[in-house]
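Close look at the chain arrangement
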Amino acid sequence: VYIRAGVPVSPATKFGNVVLADEGGNVLINKTTQINDTYKLDVNGKIRSNEIVVNTTGADFVFAKEYKLLPLAEVEQYIEKNGRLPEVESATEMQQNGLEVGKMETKLLQKVEELTLYMIDLKKEVELLKNNNETLKRKLSDLNGK
């Protein structure tokens, strides 16, 4: 079904399984009614697109000096207790309510940025341990050589 711009479409105009501009101004595809009319586009079926742009805020706040990165021990405890990452909805909640793509993308980016900070800290710790190990090797060598 092709609708030209500027051609008025009356409420609940039906073209087979497509309803354009229902009484609430929502677009329904392959359905004639909505259970939840807060969605402006409601599709009964799969959607395919070459590109989707979702407005989001990003997660740069993770790199702010005042951001409190949870210690890994606390993250581990949370996972053991809840079976998921902190601040991420459970699989059950996602299955029941779906998920907001923009919100989830921001949350996933936040988690990736947190992982990056953990990795940077771990690299620093490994470097410190390497240096300490080299120092101890030299001291041991000096003791054995004397």
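Anything mentioned here points back to the structure above.
Summary of the structure given here. (Residues numbered from 1 in each chain as written. Predicted model: local features only at pLDDT ≥ 70, side-chain atom pairs only at ≥ 80, totals over all residues. Heavy atoms only, no water.)

**Structural notes on the environment of P86**
- Among the structural elements, P86 can be located in the loop between α1 (72-82) and α2 (91-97).
- Ignoring sequence-local partners within four residues, the contact set of P86 consists of L70, V75, Y78 and K111. (Helix = DSSP H or I, 4+ residues; strand = E, 2+ residues; numbered from the N terminus. Contact = heavy atoms within 4.5 Å.)

**As for the pattern of salt bridges**
- Applying the stated criterion to the full structure yields five salt bridges.
- When the shortest N-O distance is used, the salt bridge between D42 and K31 registers 3.0 Å. Here the residue D42 occupies a position in strand β4 (residues 41-43), and K31 occupies one in the loop between β3 (27-29) and β4, the gap between them amounting to eleven residues.
- We classify D42 as buried; its relative accessible area is 13%.
- Salt-bridge contacts for E127 lead to K130; the nearest nitrogen and oxygen are separated by 3.8 Å. Remark: K130 and E127 occur in helix α3 (residues 101-145); sequence separation between them is three residues, near one turn of the helix.
- The class of K130 is partly exposed, set by a relative accessible area of 47%. (Salt bridge = Lys/Arg side-chain N within 4 Å of Asp/Glu carboxyl O. Buried < 20%, exposed > 50% of the residue type's maximum accessible area, 1.4 Å probe, protein only.)

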